[in-house]
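Structural features, examined
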Number of protein chains: 6
Amino acid sequence: MVDSVFMAELSWPEWQTKVEAGAIILLPLGATEQHGPHLPLNVDVILPTAVAESVARHIGGLVAPTLQYGYKSMPRTGGGQSFPGTTSLDAQTFSHTIRDVIRDMGLHGARRFVIINGHFENAWPSVEGLDLALRDLRAEGIRDVKAMRLEYWDFVQRETLDRIFPGGFPGTELEHASLIETSLMLRLRPDLVDLSKIPQESRANFPPYDIVPPPPGYLRKSGVLADARGSCAEIGQWLLDDHVTMITAALTKEFGR
Amino acid sequence: MVDSVFMAELSWPEWQTKVEAGAIILLPLGATEQHGPHLPLNVDVILPTAVAESVARHIGGLVAPTLQYGYKSMPRTGGGQSFPGTTSLDAQTFSHTIRDVIRDMGLHGARRFVIINGHFENAWPSVEGLDLALRDLRAEGIRDVKAMRLEYWDFVQRETLDRIFPGGFPGTELEHASLIETSLMLRLRPDLVDLSKIPQESRANFPPYDIVPPPPGYLRKSGVLADARGSCAEIGQWLLDDHVTMITAALTKEFGR
Amino acid sequence: MVDSVFMAELSWPEWQTKVEAGAIILLPLGATEQHGPHLPLNVDVILPTAVAESVARHIGGLVAPTLQYGYKSMPRTGGGQSFPGTTSLDAQTFSHTIRDVIRDMGLHGARRFVIINGHFENAWPSVEGLDLALRDLRAEGIRDVKAMRLEYWDFVQRETLDRIFPGGFPGTELEHASLIETSLMLRLRPDLVDLSKIPQESRANFPPYDIVPPPPGYLRKSGVLADARGSCAEIGQWLLDDHVTMITAALTKEFGR
Amino acid sequence: MVDSVFMAELSWPEWQTKVEAGAIILLPLGATEQHGPHLPLNVDVILPTAVAESVARHIGGLVAPTLQYGYKSMPRTGGGQSFPGTTSLDAQTFSHTIRDVIRDMGLHGARRFVIINGHFENAWPSVEGLDLALRDLRAEGIRDVKAMRLEYWDFVQRETLDRIFPGGFPGTELEHASLIETSLMLRLRPDLVDLSKIPQESRANFPPYDIVPPPPGYLRKSGVLADARGSCAEIGQWLLDDHVTMITAALTKEFGR
Amino acid sequence: MVDSVFMAELSWPEWQTKVEAGAIILLPLGATEQHGPHLPLNVDVILPTAVAESVARHIGGLVAPTLQYGYKSMPRTGGGQSFPGTTSLDAQTFSHTIRDVIRDMGLHGARRFVIINGHFENAWPSVEGLDLALRDLRAEGIRDVKAMRLEYWDFVQRETLDRIFPGGFPGTELEHASLIETSLMLRLRPDLVDLSKIPQESRANFPPYDIVPPPPGYLRKSGVLADARGSCAEIGQWLLDDHVTMITAALTKEFGR
Amino acid sequence: MVDSVFMAELSWPEWQTKVEAGAIILLPLGATEQHGPHLPLNVDVILPTAVAESVARHIGGLVAPTLQYGYKSMPRTGGGQSFPGTTSLDAQTFSHTIRDVIRDMGLHGARRFVIINGHFENAWPSVEGLDLALRDLRAEGIRDVKAMRLEYWDFVQRETLDRIFPGGFPGTELEHASLIETSLMLRLRPDLVDLSKIPQESRANFPPYDIVPPPPGYLRKSGVLADARGSCAEIGQWLLDDHVTMITAALTKEFGR
């Protein structure tokens, strides 16, 4: 059996050994969500899983199976639920999944968790899921769990962004299926990217409010929220390097080495 | 972009095109569950996903992302929840996940679903999840969904079992981490099998009742419920052939071609 | 006041006295479900209650009020939900009922429980309900509860089945409203059996999958899944004797005498 | 098969025939609750079931299986949850049970329901359960259900109460395990009444508030809230006559004949 | 900053100081519910808040923010849900709100609570909410919370009612939008009362049952259940004096001074 | 009766008249949350309510009662749940409150809603609540609801921020209990602000992740996340003007006039 950082590839005695030795559990949160005509539905699964895998190698952690379905897509950050193929969970279902997963591993002895979110809309219900998990563990008499929760894209150097966006980084919100995600996919899974289908669209310009159901013209037709042209694997590598290095540093700072 | 049977690898317009053309959605149900010292925690993810993939190729279907966490393991069929690494969901969480996934795809136009279960304990909560999905879809005015739900191991010829178990097939319940699952893993992911760790254990002999919390001696120490010795990839191939052929036939019968 | 094994017939001081003396609580799980044209809707209430009553007499236990409504009927094991009169609960409602009942009795001092299931589809949601009950009791600081959970029909001798089915016992799944249940009813409540209405049907032959909503021809018209002809009270007595004797033995083994 | 008013004793075709002919479904709501040292735990099951049975005979209705467990007992009306043997459901569990039962029968064609409550604390969660049932049925496109909900003890003539309480009827709230319930039990199930154990207690005098957890002295030790001395079957008959006659009249008025 | 009895007007250190000194938290339960053509929708918010404010001044307590939405209105006590503007919560939502609020304050050190209900239909779901809160706090290891729960209108002297209703007080149930509530509003918020719109209606005469959906003629057209004519601020003052004096006395008795 | 924009101050016929004439319902979402030593716990109630009130006056809308309790405070945006006095709801409770309120008003004829959020952490669970409300309304056959959802602070001109922050606006996230909120409170409720207690703290510098439970040093001691010094009513007026003008414009654009 290979010595894998993916806990799914370990046998239970191997898992137990590592966890008893203090291995940190990294739980990537994905989604099945449209990412434009040029990217697959699993972008938000692949990216946080890849980040978690590399971080786990650095810190001797274990990557738990990535959640394949996430919280509902929003028009201003993910295109919205009306795109065919975007398949999401109610907030309660998503939060309870995290609660149950953390709780079970806590009952089995894990005490250190890092949730690595790869889908913007997962942020809040994962906060709730983690809060419920710790509440349930306290009810079981377990009070020494420590958990981090992060969005991987927040771990990037200003300089990297300046290199990628010479005109100024416009912020993460619209980076859906755009330059950043496309570049990371070109670095990690180029076989799943069809550059010929990148839409010739400029950056979306949403009003500062949600409107439901979304009226005609509110949604982006392609599902891409900003310009993806110019994406390349090299940019993806810059980003991945930052994500892995900086998350590793944060974990080392918080959990020690 | 490759032409994949995994919907996660399609872009949303590709998903839409296939679903509008009537593609059947196959949803594999997995688990993160101990499978003895010689098998990894993801056996119940790998096997139904592989079956679904092959069936999808035959019928032009689409495989939805496999649920990575399943319903709680039971001592008599999966070893029970006390094994470290076995990470499960409450019944409600699991059923609601299925409800949400089917509902969302139904709202996006999918009308034909096949749930391919790979973890014994998922059976009942997946029945409930499917029932809730169809109820919710009726509330949305969608009444023409048709869905199958099956355990893949029920699709095997008597003769195959006779070949594998010359002394008589003792039934599926104890085939946890045993000859059948080990052989399928040797066929599909030999890199994740460590034959040297197969326990020298005979078939478990459970009383016909559950007892909670499990008393000492009730659980199998290794997590293996029957003998795994003699497993080989060839047996795995026989089984896989049966599963794929017979499930394909059932789908063709129920959904037409 | 009679000295009853039914806790419902005791006053609260009597209940308290017995429970403090260590009386085991037996909770029968019933259903309101079609059982063909010759049997009433309460077969699954009457049978586990009768078994529980006899067992309770042997072991000095107390029978809690039987749950009158069970989890949803499935076509392959109970005919399915489409039969008028089959009145069922959602899985969550059913599981929560068991959780609440066990929890309350646990809070009042009961520590030993036996769930005696009389309706096939109740099996899984009762596992969940029991798990939730013990979780809630742990949160209340109560960690010494011990509980069994069983299906009464699993307690029968091979020889008894051979006597009843000289051609070989075909398995419990299709024994819905068939020879076994009809015979037990003839033994216990012959006034509720109308032998003249036993359908002239052979054994059902279901494919190994569920299909929802059930297509025409998938369901048995009568609601009977196997042949009920030949049922008699004597067979019912054989079965009842086995059930009571063997469950009593199991309880004595697990809980002591 | 007997021609029973209890739907549980009918076969499914018999149920269907009656419901299609317009039979009203009467659903009694019980409880498993202390009723002092002289009465059994099932008083609140027996009484509404008996009332429902008689009413059903008059109007050609069907009595659904009585809910055996009710909502939590309150100190001021039922003694409170701290009495051993009082075994209750959370409000959500109780409401969902009613929702599920009514919904299922509605899906099978029943359109006229009467909920006959026999446990004070059930009143509010049964209002909620009925509201949720009708909401769910509307979502299924069923909008012609009509339902009544009542407490059986509200159907009594002023003169009857004056005859029973020559000093003036002090109101129903404290009539827990007292003269009225004891008399009804003496009329219906004298075998379950132990007159020798009626406590020598006067009427409880609760402050106009709840206090949790109940402090010492707040609860009645015996569980009886008013004087039960003087109970007799004749009084029980008077009450039963009123209940049945007046509920029958109300049903006839609302549902026609 | 003013020294307010409303905790919402305190800073967090002020709140902490008062709670650590033992301040009782008073939580008023309101509703947004029709109160006839002459009263606003917030009667059930204003009245318990005013009572709580005065009581808090007497006992040095803190008034938590009043719940603005209550449990569903019933026809016999509040007119029913069919009146436009009556905006209510499901029982679970309402109970969970109370659970969460009490739990959070308990986690922050509050140990003494008084729920002051101002909307009849809130009574039962607030009992449940309080029970769930204390259960959750026990799971957190907090077992020394003491809570009262009351309806403010129950705190009135017989003599006051006799003065107001010289013909005899007909009971609180129909006092919806009638003499008592109108007088209290004239005392507290005369600007929100339009005496010219008091309907010329006599006392409602409901049958002793609920019927859903309410048939024509079952509901009061105006939403007023009894006569509101003759309301005046002086009567409101009498009532308010009683409410405040008697609730203060009860709190002093239970919690000490 | 005054002609109020607060629906709580209207009688039900007045509410009905306005809603039938097309009045937009504005629902402010508040919180009971620490805002440092110089501000009260109800900042997040007062601010969105004031904005909603002014907007309602401009567009002829109705302000629904503000939710007094919000979703849990997060350390990086609101200080976190560990501050005494911060009293919050679970995500499900909060989302269900919004669902129920919108659903009920939808059933009474309202078709146009604007949710005006005043507490950062409410954003996501209010998205969910609104989604659930519209789902429930569709199940009731109501499909023509249109709703906006916004955070009021997003409606501000760049120039205003530049005037307030001559050194550059550092973003809304840390504006908790800081210059912006303090100024708005000085404009709206100066009686609740204690300028002498503004902490001498610089801007918080959080790492880009959550950590639970928060370790020592992670939280801000005062609860203030950025500098509040320099707050004044004039700045509050500038902001309020922007909020009202720009939200009014957005509503007019989306809903017409």
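Check the entry above for the structure.
Everything numeric in this text was worked out from a predicted model, so none of it was measured.

**Observations concerning the overall build of chain A**
Counting secondary structure elements, chain A contains eight helices and five strands. Taken over the C-alpha trace, chain A has a radius of gyration of 19 Å; the compact-globule value for 257 residues is 18 Å, and the two agree within 12%. Along the longest, intermediate and shortest principal axes, the C-alpha atoms of chain A span 55 × 40 × 30 Å. Within chain A, buried positions represent 68% of all 257 residues. For chain A, the share of sequence-separated contacts (at least 6 apart) that also reach a separation of at least 24 residues comes to 78%. Surface exposure of chain A reaches about 8,100 Å², of which carbon and sulfur atoms provide 53%.

**Considerations on the relation of the copies chain A and chain B**
The operation relating chain A to chain B is a screw motion whose rotation component is 180 degrees, with 0.0 Å of axial translation and a residual RMSD of 0.0 Å. The superposition operator between the copies reduces to a two-fold rotation axis. Among all residues of chain A, the minimum C-alpha distance to the rotation axis is found for Thr93(A), at 2.9 Å. Interface overlap between copies: 100% of the residues of chain A at the interface are likewise at the interface in chain B, consistent with a symmetric, same-surface contact.

**Considerations on the sheet that holds strand E3 (residues 112-117) of chain F**
Taken together, the five strands give an open sheet; going across it, the order is E5(A)-E4(F)-E3(F)-E1(F)-E2(F), and neighbouring strands pair in mixed fashion. This sheet does not close on itself; its edge strands, each paired only once, are strand E5 (210-212) of chain A together with strand E2 (62-63) of chain F. Of the strand pairs in this sheet, strand E1 (residues 25-29) of chain F and E3(F) are connected by five bridges, and their pairing is parallel. Bridging across to E3(F), Ile25(F) finds its partner in Phe113(F). The strands touched by helix H2 (residues 43-59) of chain F are E1, E2 and E3 of chain F; relative to E1(F), the strand with the most contacts, the crossing angle is about 165 degrees. With respect to the sheet, helix H8 (residues 233-255) of chain F is in contact with E5 of chain A together with E1, E3 and strand E4 (146-151) of chain F, its orientation differing from that of E4(F) by roughly 160 degrees.

**What to know about the packing of aromatic side chains**
For the coordinates displayed, the defined rule picks out 45 aromatic pairs over all chains. Centre to centre, the rings of Trp124(A) and Trp124(F) are 4.6 Å apart; their planes meet at 20 degrees, and the pair counts as stacked. Of this pair, Trp124(A) sits in helix H5 (residues 123-139) while Trp124(F) is found in helix H5 (residues 123-139), placing the two residues in two different chains. For Trp124(A), a relative accessible area of 17% puts it in the buried group. Cluster of aromatic residues (ring-pair linked, three or more members): Phe120(A), Trp124(A), Tyr152(A), Trp153(A), Phe120(F), Trp124(F), Tyr152(F) and Trp153(F). In this structure, Lys146(D) is placed above the aromatic ring of Phe255(D), and the distance from its NZ or CZ to the ring centre is 5.5 Å.

**A short note on the interface of chain A and chain F**
The interface is formed by 36 residues belonging to chain A together with 36 residues belonging to chain F. The largest contributions to the chain A side of the interface with chain F come from Trp124(A), Tyr209(A) and Val212(A), which together make up 22% of the buried area. Taken together, chain A and chain F are joined by eight salt bridges. Residue Glu128(A) pairs with Lys72(F) through a salt bridge whose shortest N-O separation is 2.9 Å. At the junction of chain A with chain F, the criterion picks out 16 residue pairs in polar contact (both at pLDDT 80 or more). At the level of elements, helix H4 (91-107), H5, strand E4 (146-151), E5 and helix H8 (233-255) of chain A are the ones that each hand at least two residues to the side of chain A that touches chain F. The leading source of residues in the side of chain A that touches chain F is H5(A), at nine residues. For the side of chain A that touches chain F, a count of residues per class yields 22 nonpolar, one polar and 13 charged. As judged from the three bridges shared by E4(A) and strand E5 (residues 210-212) of chain F, these two strands associate in the antiparallel manner. Paired with Ala147(A) across the two strands is Val212(F), which belongs to E5(F).

**As for the pattern of salt bridges**
Enumeration according to the criterion identifies 152 salt bridges over all chains in this entry. Arg111(B) is the salt-bridge partner of Asp144(B), the closest N and O atoms lying 2.8 Å from each other. Taken as a pair, Asp144(B) in the loop between helix H5 (123-139) and strand E4 (146-151) and Arg111(B) in the loop between helix H4 (91-107) and strand E3 (112-117) lie far apart in primary sequence, 33 residues in all. We classify Arg111(B) as partly exposed; its relative accessible area is 24%. We note a salt bridge from Asp90(D) to Lys72(D), for which the minimum N-O separation is 3.1 Å. Pair noted here: Asp90(D) is in the loop between helix H3 (75-78) and helix H4 (91-107) and Lys72(D) is in the loop between strand E2 (62-63) and H3, with a separation of 18 residues, a long-range link. Here Asp90(D) falls in the buried class, since its relative accessible area comes to 6%. Of the residues examined, Lys72(D) reaches a relative accessible area of 8% and is grouped as buried. Through salt bridges with shared partners, a single network forms among Lys72(A), Asp90(A), Arg99(B), Asp100(B), Arg103(B), Asp136(B), Glu128(F), Asp131(F) and Arg135(F).

**Examining the packing of H4(B) against H5(B)**
All names here are of chain B. The contact between H4 and H5 brings their axes to 7 Å, and the two run at 40 degrees. As summarised for this structure, H4 and H5 are arranged oblique, according to the angle between their axes. Seen along the crossing, H4 lies across H5 with a hand that is right-handed. Residues Ala91, Phe94, Ser95, His96, Ile98, Arg99, Ile102, Arg103, Gly106 and Leu107 of H4 touch H5, and the partners they reach there are Pro125, Ser126, Glu128, Gly129, Leu130, Leu132, Ala133, Asp136 and Leu137. Classifying every residue of the contact of H4 with H5 gives ten nonpolar, five polar and four charged.

Calculation criteria
Residues numbered from 1 in each chain as written. Chains lettered and ligands numbered in written order. Predicted model: local features only at pLDDT ≥ 70, side-chain atom pairs only at ≥ 80, totals over all residues. Heavy atoms only, no water. Helix = DSSP H or I, 4+ residues; strand = E, 2+ residues; numbered from the N terminus. Rg over C-alpha atoms; globule rule 2.2 N^0.38 Å. Buried < 20%, exposed > 50% of the residue type's maximum accessible area, 1.4 Å probe, protein only. Contact = heavy atoms within 4.5 Å. Areas by Shrake-Rupley, 256 points an atom, 1.4 Å probe, with all protein chains shown as cover. Least-squares fit on C-alpha atoms with pLDDT ≥ 70 in both. Pairing = 2+ DSSP bridges. Axes fitted to C-alpha atoms, helices over the stretch in contact; angles between N-to-C directions. Phe/Tyr/Trp six-rings, centres within 6.5 Å; stacked < 30°, edge-to-face > 60°. Lys NZ or Arg CZ within 6 Å of the ring centre and 35° of its normal. Buried area = accessible area lost by both parts, 1.4 Å probe. Salt bridge = Lys/Arg side-chain N within 4 Å of Asp/Glu carboxyl O. Polar contact = N/O pair within 3.5 Å; in protein donor to acceptor, adjacent residues only side chain to side chain. Nonpolar A, V, L, I, M, F, W, Y, C, P; charged D, E, K, R; others polar. Parallel < 35°, antiparallel > 145°, perpendicular 65-115°, else oblique. Left-handed = near helix turned anticlockwise from the far one by under 90°.

Functional significance is not addressed by these values, which are geometric in nature.
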